[in-house]
Amino acid sequence: MRRKAVVPIALATFAGVSLLAFGVPAIGQGNPESLLPEGFGDPVEQAPAQPAGPTKAAPGRAQPTGLPDIKLPSNAAETQGAPAVAGVIEETGDLAASEDTLAEKPATYEMPPSSLRRVDKIGRLVPANGGLNADAFGGLHGKYLISLMHDMDAPIASRWASILLRRTLLSQINTPRDVKPADWVAERAALLLRMGEADAARALVQSVDVHRFTPKLLEVGADTALATADPAALCPLVQPALAVSKDPKWQLSEAICAALSGEAATATALIDRQKMRQGNGSIDVLLAEKVVGAGVNGRRAVKIEWTGVDQLTNWRFGLANAVAVEIPAPLFDTIGPRALAWQARAPFVPFANKMEAARKAAVMGVFSSQNLVDLYAGAALGMDPVEFVDSPGDLLRRCYVGNLEERLDTLRMIWGDAEDDQARYAAMLLTARAAAYLPPHVAFEGDINQIIPAMLSAGLDNQAAKWAVPLTKMEDSKVSMAWAALSLAMPRTGTTTRINRVKDFISDDDSSDGRRSRMLVAGLVGLGRLPASEVKAAIDDSGLDISANSAWSKAIALAAQRGQPGTVALLAATGMQAKSWQGIPANHLFHIVRALNQVGLESAARMIAVEAISRT
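These notes cover the structure that comes with them. (Residues numbered from 1 in each chain as written. Predicted model: local features only at pLDDT ≥ 70, side-chain atom pairs only at ≥ 80, totals over all residues. Heavy atoms only, no water.)

### Quick word on the state of the cysteines
Stage number 1. Taken as a whole and assessed by the stated rule, the structure comprises one disulfide.
Stage number 2. Residue pairing for Cys-235: its cysteine sulfur links by disulfide to Cys-257, the two sulfurs lying 2.1 Å apart. Measuring handedness by torsion sign, the sulfur bridge of Cys-235 and Cys-257 sits at about -100 degrees and is left-handed. Of this pair, Cys-235 sits in helix H8 (residues 235–242) while Cys-257 is found in helix H9 (residues 248–260), placing the two residues 22 residues apart along the sequence.
Stage number 3. Relative accessible area serves as the criterion here: at 0%, Cys-257 is assigned to the buried category. (Disulfide = S-S within 2.5 Å. Helix = DSSP H or I, 4+ residues; strand = E, 2+ residues; numbered from the N terminus. Buried < 20%, exposed > 50% of the residue type's maximum accessible area, 1.4 Å probe, protein only.)

Here it is in structure tokens:
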């Protein structure tokens with residue numbers, strides 16, 4: 001019987017390095033004395049050569065893009081007594097047979113049930129970090145909630161309603177009994193994607209173990225990978241998807257994942273097969289081939305031409321951004337605003353190419369005010385000092401440095417350059433913190449109507465509240481907008497708003513058809529900030545009509561009565577489905593603000609009300 005030779009891995013590695021270090025200088029010196037310990041480096045007895053013959057093929061090749069099989073142990077005793085991996089190489093003289101055995105029995109991983117993620121509550125936020133309670137939807141049927149999500153035309157008009165909806169969808173909420181957990185997650189993530197929230201959608205999808213994915217969640221998972229410009233995130237989904245779907249994107253994804261795993265030959269064969277099926281000029285295949293060429297051992301140089309392409313899809317967006325292929329600007333009009341928000345956070349897109357997208361993302365609620373400032377700063381870092389002068393980054397810098405008059409002049413310049421509602425609101429978000437750095441003083445009477453709304457656009461209500469005292473010393477007719485914003489934004493103090501100030505605001509309102517006045521009254525009444533005896537007079541003077549009831553208004557009122565903040569937030573977003581605030585009726589604002597206030601979401605109600613008068 002042959003003696004087994006046991007060679008520790010680390011020692012064997014060191015031996016090879018040592019031989020190179022000490023053996024090379026000894027060449028040509030005759031018969032030098034060895035400096036190594038006795039027996040070190042002696043040749044190990046080799047196993048007899050196996051006769052040549054056909055190689056036994058494994059029954060199935062493990063795809064690099066697939067997942068290992070997950071088996072749940074039926075008895076804990078089955079996992080006990082298993083030999084530990086000792087980090088040694090044993091030569092048994094029957095290596096070939098061992099390889100065949102391993103090939104016939106692919107490696108599997110056993111995962112105890114305690115390591116699987118729960119499906120009765122799925123989400124990333126809890127009340128401690130901004131999420132809603134687990135019972136935020138009460139006992140409503142999941143199919144009803146899913147229908148609301150599925151039918152929603154996102155993004156919605158209100159930035160703050162969108163932020164609240166994101167919090168709701170990301171919350172660790174009880175899974176309704178009448179829907180599959182994976183489908184419940186899929187619908188929430190799909191809505192987040194339409195809102196432009198690519199990273200939030202991806203975080204939610206990754207809260208579910210892949211072996212529990214349904215066909216619907218596989219599709220949404222693929223969309224989240226593409227929205228985040230991360231083709232590698234497709235790889236865990238490829239094998240499960242190929243078993244249930246014939247969508248060509250999964251065959252192309254299989255090629256991409258093979259390339260990313262270093263199997264260039266397999267990737268090439270799969271790409272060539274798709275070329276035969278879809279044609280050599282298919283933009284979808286060419287983009288996949290471009291990604292394959294970027295993989296390990298990829299040797300394909302592919303030039304992407306957008307000529308003749310009249311539609312931007314999730315697939316084209318994701319792969320183009322993954323390999324830094326610039327997408328023609330007109331194509332973004334064919335996919336909707338969500339792609340601009342995805343573009344703003346794409347890692348390979350130059351700062352200069354995503355400034356406009358970032359501003360739109362901020363207005364949509366995807367980017368915070370701080371995110372927008374950081375992007376401007378990042379763009380400025382790579383600029384030539386001469387080019388930096390009077391650039392957007394330089395203007396933003398000047399809002400924080402210099403004397404007060406210089407800072408104010410720069411703020412006025414940024415606010416004055418805005419041409420429409422979205423541009424104005426983006427300018428307010430960009431300058432919110434710069435405005436907050438201004439000391440509260442009556443000397444700013446001429447600019448306070450823009451200073452206060454700018455701070456509140458980013459939710460800086462505590463900073464804005466510091467201006468309440470100086471505001472009382474200013475002329476009412478000159479600061480009506482600042483007064484209205486603070487009246488809505490201030491946390492509840494137990495005081496009510498004077499009806500005379502409301503009437504003065506209504507009489508001075510220069511907005512189209514008095515819309516701003518109706519929004520103000522809707523917000524004040526919804527928040528309960530007018531004396532009960534004065535509510536009817538304010539409603540009549542502004543022309544607000546809250547008497548009409550619809551199925552939607554009844555539903556949101558009932559959800560508030562039942563104490564369901566998640567349902568209220570979802571219905572509030574449903575009532576905000578419009579391209580801009582011009583399409584939102586004032587009575588919708590009233591129902592939304594009142595319902596949010598009733599279920600404990602007063603801060604969101606206040607910010608939505610302020611946004612309404614700031615953008616009308």
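### Regarding the packing of aromatic side chains
Two measures describe an aromatic ring pair: the distance that separates the ring centres and the angle between the ring planes.
Stage number 1. Summed over the entire model, instances satisfying the criterion amount to six aromatic pairs.
Stage number 2. Ring centres of Phe-137 and Trp-184 lie 5.9 Å apart, and the angle between their planes is 80 degrees; on these two criteria the pair is classed as edge-to-face. Placement of Phe-137 in the loop between strand S5 (121–122) and helix H3 (142–151) and of Trp-184 in helix H5 (residues 181–194) is noted, with a sequence separation of 47 residues between them. Trp-184 matches Phe-137 in its accessibility class, with the two residues each being buried.
Stage number 3. When the ring of Phe-317 is compared with that of Phe-332, the centres are 6.4 Å apart and the planes differ by 85 degrees; the resulting orientation is edge-to-face. Separated by 15 residues along the polypeptide, Phe-317 in helix H12 (residues 314–322) and Phe-332 in the loop between H12 and helix H13 (338–344) bring together distant segments of the chain.
Stage number 4. Look at Phe-332 and you get buried, because its relative accessible area is 9%. (Phe/Tyr/Trp six-rings, centres within 6.5 Å; stacked < 30°, edge-to-face > 60°.)

### Section: the nonpolar core
Stage number 1. Ranked by size, the top nonpolar core spans 186 residues in total, and within it Trp-306, Ile-451 and Ile-452 carry the most contacts.
Stage number 2. Counting residues per element, this core draws most heavily on H5, which supplies nine residues. (Core = buried A, V, L, I, M, F, W, Y, C linked by side-chain atoms within 4.5 Å.)

### Description of the pattern of salt bridges
Stage number 1. Scanning the entire structure with this criterion turns up 33 salt bridges.
Stage number 2. For Asp-510, the salt bridge goes to Arg-516, with nearest N and O atoms at 3.3 Å.
Stage number 3. The exposure class of Arg-516 is buried, given its relative accessible area of 17%.
Stage number 4. Where salt bridges share partners, they join Asp-390, Asp-394, Arg-397 and Arg-398 into one cluster. (Salt bridge = Lys/Arg side-chain N within 4 Å of Asp/Glu carboxyl O.)

### Thoughts on helix H21 (residues 448–457)
One turn of an α-helix holds 3.6 residues; hence residues three or four places apart share an orientation.
Stage number 1. Summarising burial for H21: eight of the ten residues are buried, a large majority.
Stage number 2. The set of residues buried in H21 consists of Ile-448, Ile-451, Ile-452, Pro-453, Ala-454, Met-455, Leu-456 and Ser-457.

### Brief notes about the environment of Ala-352
Stage number 1. Here Ala-352 is to be found in the loop between H13 and helix H14 (355–364).
Stage number 2. By relative accessible area, Ala-352 is classed as exposed at 68%.
Stage number 3. Each C-alpha atom of the pair Ala-352 and Leu-375 lies 9.7 Å from the other, and the pair is 23 residues apart in sequence.

### Here's the deal with the side chain of Asp-461
Stage number 1. Along the chain, the position of Asp-461 falls in helix H22 (residues 461–465).
Stage number 2. Given a relative accessible area of 16%, Asp-461 falls into the buried group.
Stage number 3. Asp-461 has contacts with Leu-456, Ala-489, Pro-491, Arg-606 and Met-607, leaving out every residue within four places of it along the chain. (Contact = heavy atoms within 4.5 Å.)

### A look at the environment of Ile-608
Stage number 1. Relative to the assigned elements, Ile-608 resides in helix H31 (residues 602–614).
Stage number 2. Counting along the chain gives 151 residues from Ile-608 to Ser-457, while the straight-line C-alpha distance between them is 9.6 Å.
Stage number 3. With near-sequence residues (within four places) excluded, Ile-608 lies in contact with Ser-158, Trp-160, Ala-161, Met-576, Trp-581, Leu-589 and Leu-596.

Don't take any of this as a statement about function, it's just geometry.
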